[in-house]
Amino acid sequence: MRKILAIFVLLSVLSSCHGVDEYSNDVKGNFECLWDILDRHYCFFAEKNVDWEAVRQKYAAKINDGMTREELFNVCSAMLEELRDGHTNLSAPFATSYYRKWWSDYPQNYDARLIEQYYFNFNYRSLGAFTYGILPENIGYIHYSTFAVGLGEGNIDYILNYFNLAQALIIDVRDNGGGDLTNVDDLVCRFVKERTLMGYIIHKTGPGHDDFSEPFAYYCDPIGGGHFAWRKPVVVITNRSTYSAANNFVSIMKLLPGVTIVGATTGGGSGMPYSSELPIGWGVRFSACPILDANGNPTEFGVEPTPGCEVDMDPMDALNGHDTILDFAINLIVGMNEV
Amino acid sequence: MMRRALSIIMAMAMCLGAGAADGSASGSSEVVRPVMSAYMLRMGSSHLTDTYLTPLKYSGWSMGFGYERMQAMKFDPVRWVMQMRAGIDVDRTHNPSGNAVMWYWGADFSWSMMRRWRMTEGLTVGGGGMASADLGCIYAPRNGNNPASAKASVTVGVTGYAAWTGKVGLVSMTLRYQPSIPVLGAFFAPDYGELYYEIYLGNYSGLAHCAWWKNYFNMKNLLTADIHFGATSLRLGYLGNILSTKVNDVTSNLFTHSFIIGVSGEWLSINRRHGLSNDARIISAIY
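On a predicted model such as this, the values are computed, not experimentally measured, just so you know. (Residues numbered from 1 in each chain as written. Chains lettered and ligands numbered in written order. Predicted model: local features only at pLDDT ≥ 70, side-chain atom pairs only at ≥ 80, totals over all residues.)

Visitor: Describe the overall build of chain A, naming the residues involved and giving the relevant values.
Guide: Regarding its fold elements, chain A presents eleven helices and twelve strands. Long-range contacts, defined here as pairs at least 24 residues apart, represent 71% of the contacts in chain A between residues at least 6 apart. (Helix = DSSP H or I, 4+ residues; strand = E, 2+ residues; numbered from the N terminus. Contact = placed C-beta atoms within 7 Å.)

Given below as structure tokens:
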């Protein structure tokens, strides 16, 4: 009996072997916790040529025990900026850090009012995140503002049916900052004729910077069950603020037959973000799982338009009520049909 | 229709001493095996850590409901007893700074078969094997793409108990201590940084892991006091649960300490037509 009890006591002690690193809730503890979280989980150190250990030394020298919370936040935010990643944020009760240069260093190339006023005379339809209408050239136009909001199958059926007699479709994903990848699948399945490779997803297999899984291929099946599919030409319009799930949508559409990408290189954001937190209670989000396109190429730095279709908006055109990129897309479609 | 029911369920007093097993069940006397059933509410503290979700330790409360059933086994009712246990739990915990919540929802089921020995008058010990299935989920609403950590396992293990029945003052009671621990099995865990979205896309490889003490440690310590009041008993007790896993560099700890309050009793199913013969031997489930 004593031996049995001794065994159970021993087992109870052994159970504490699965310990976790603990961080103190002070300036140093929070800084170390943040650095460790990124060190173990962030997925683009190599692509971005970031020496994370050097970053630690650089910013550890800037912290001291007498710092206020805001001062600590500023140092930690600056450290995260070294990753040059729009998916990486530090969230405190008073602010969320955000790396903006992935879009702020580029022309915006989009003005919603320009299209609403001069192309539709404010006579367009809105449904969820979709704004749509038929252009005078008999071309269907959809602006999809965020993949965070999806549409039901019946709603998409209705929109595509509305464009039934249109000669082509323009899908404008400028300023679409992403959202839910399942909404990407819901839209792409309207444009594929057969089971189609959409890309590959990778995850980290351990805390090392090079610990990655083999790419896992994922596919899209064409919509069935009597739902509408689109088989006419499609032009997808992009700008630098086309990001994350929208960037993923463009990377998939670009490789489909009959689809042309027009505009500017997208903003990237191909790492699916992961969440964690610091002892102080601040949340941290960062890229953790890279997604590759169907050719196995990374899209973290954006998806380029179809060759010959790189277009920026001309401010003079805009003053005259013209969206240079949309005009290019319309002319491209009209030209296709004239040929 | 009710009259045609073959059995009626009647509460029996614990028949202290009356059903004491003092030897083999062989012979011509009828053997009756009452079922010990218990319904328990559990309330206590919970400590959660799951490095898939957060590096921080969360603490809070735990609540649960448990059911237990024990009965002497038909093939050798004096020496062998079976036990079935099932429960559901919900835990709500906070991070150290108190600005984030983490939940745990879980369900467990186990069936065990134990050999028992009567050590002295009133004291019985038992030990044997156990098969368990556990299902649960830790949910961290503040997280975006990694908000949950699913728990699922099937295991075989060992369990044992020591039960003493007697009187403390004028109150008759049964005290019992029962630890149980899985030894081998399989459990679910995604890879180090694998999102459940990837599993949703169809990547099922590497999700099942062989469970053994180094990577999967789950121990339940149950202490109960059944205070007998005629047909039924008031159960007071303690349940300590330790679930600690470490696989793919992800550590998950769930520690709960719960106070138990419930009702228990030994129940007999008696044929209404034939009744209970005068020489029937009642063999208790616990002692």
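After that view of the structure, there is still more to cover.
Visitor: Any chance you could break down the interface of chain A and chain B for me, citing the residues and the numbers?
Guide: Contact residues are listed per partner, giving 37 residues for chain A and 38 residues for chain B. At the level of elements, α1 (2-14), α2 (27-41), β8 (216-220), β11 (271-277) and β12 (283-292) of chain A are the ones that each hand at least two residues to the side of chain A that touches chain B. The leading source of residues in the side of chain A that touches chain B is β11 of chain A, at six residues. For the side of chain A that touches chain B, the residue count by class is 20 nonpolar, 13 polar and four charged. (Nonpolar A, V, L, I, M, F, W, Y, C, P; charged D, E, K, R; others polar.)

Visitor: How would you explain the nonpolar core if you had to name every residue and give the values?
Guide: Judged by nonpolar contacts, the single largest core of 76 residues is most densely connected at V235, V236, I237, F249 and A329 of chain A. Excluding residues that lie within four positions of it along the chain, V236 of chain A makes contacts with I171, V173, V250, M253, V259 and I261 of chain A. Formed by 22 residues, the second largest nonpolar core is a distinct cluster that contains Y58, Y104, I138 and L243 of chain B. (Core = buried A, V, L, I, M, F, W, Y, C linked by C-beta atoms within 7 Å. Buried ≥ 20, exposed ≤ 12 C-beta atoms within 10 Å, placed from the backbone.)

Visitor: Which residues make up the packing of helix α8 (residues 181-188) of chain A against helix α9 (residues 245-254) of chain A, and what are the values?
Guide: Residues and elements named next belong to chain A. Contact geometry for α8 and α9: axes closest at 9 Å, N-to-C directions at 30°. Our classification of the angle between α8 and α9 gives roughly parallel. For the pair α8 and α9, the crossing hand works out as right-handed. Contacts between α8 and α9 pair L181, V184, L187 and V188 from the former with A245, N248, F249, I252 and M253 from the latter. (Axes fitted to C-alpha atoms, helices over the stretch in contact; angles between N-to-C directions. Parallel < 35°, antiparallel > 145°, perpendicular 65-115°, else oblique. Left-handed = near helix turned anticlockwise from the far one by under 90°.)

Visitor: Give a description of the sheet that holds strand β5 (residues 139-144) of chain A that names residues and reports values.
Guide: Strand pairing in a sheet takes place through backbone hydrogen bonds and is either antiparallel or parallel in direction. All names here are of chain A. Spatial ordering of the open sheet is given by β3-β4-β5-β6-β9-β10, a layout of six strands whose pairing is mixed. In this open sheet, the two edge strands, each paired with only one partner strand, are β3 (125-127) and β10 (259-263). Strand-to-strand twist of the sheet, defined as the mean angle between neighbouring strand axes without regard to direction, takes the value 20°. Two elements, strand β9 (residues 234-238) and β10, share five bridges in a ladder whose sense is parallel. Of the residues in β10, the one forming a bridge with V236 is I261. (Pairing = 2+ DSSP bridges.)

Visitor: An account of the environment of G136 of chain B is requested, with residue identities and associated values reported.
Guide: Inspection of the secondary structure puts G136 of chain B in strand β7 (residues 123-139). Sequence separation between G136 of chain B and T120 of chain B is 16 residues, and the spatial gap between their C-alpha atoms is 41 Å.

Visitor: Please provide a residue-by-residue account of the pairing of strand β13 (residues 250-271) of chain B, values included.
Guide: All names here are of chain B. Looking at chain direction, strand β3 (residues 35-50) and β13 are connected through 16 bridges and run antiparallel. Residue pairing in the sheet places V35 in a bridge with W267 of β13. Two elements, strand β12 (residues 232-247) and β13, share 15 bridges in a ladder whose sense is antiparallel. What sits directly across from G240, in β13, is H257. The antiparallel pairing of β12 with β13 creates a hairpin that spans two residues between the two strands, and N248 there sits at a positive phi of about 55°.

Visitor: An account of unusual backbone geometry is requested, with residue identities and associated values reported.
Guide: Residue and element names in this part refer to chain A. A positive phi angle is found at N121, which is not glycine, with a value near 50°. Turning to its location among the elements, N121 is positioned in the loop between α6 (112-118) and β3. Taking the C-beta count within 10 Å as the criterion, N121 has 9 such neighbours and is therefore assigned exposed.

Visitor: Let's hear about the environment of S244 of chain A: which residues, and what values?
Guide: All names here are of chain A. In this structure, S244 sits in the loop between β9 and α9. For the pair S244 and N25, spaced 219 residues apart in the sequence, the C-alpha separation amounts to 33 Å. With sequence-adjacent residues up to four places away left out, S244 is seen in contact with H87, G177, G178 and G269.

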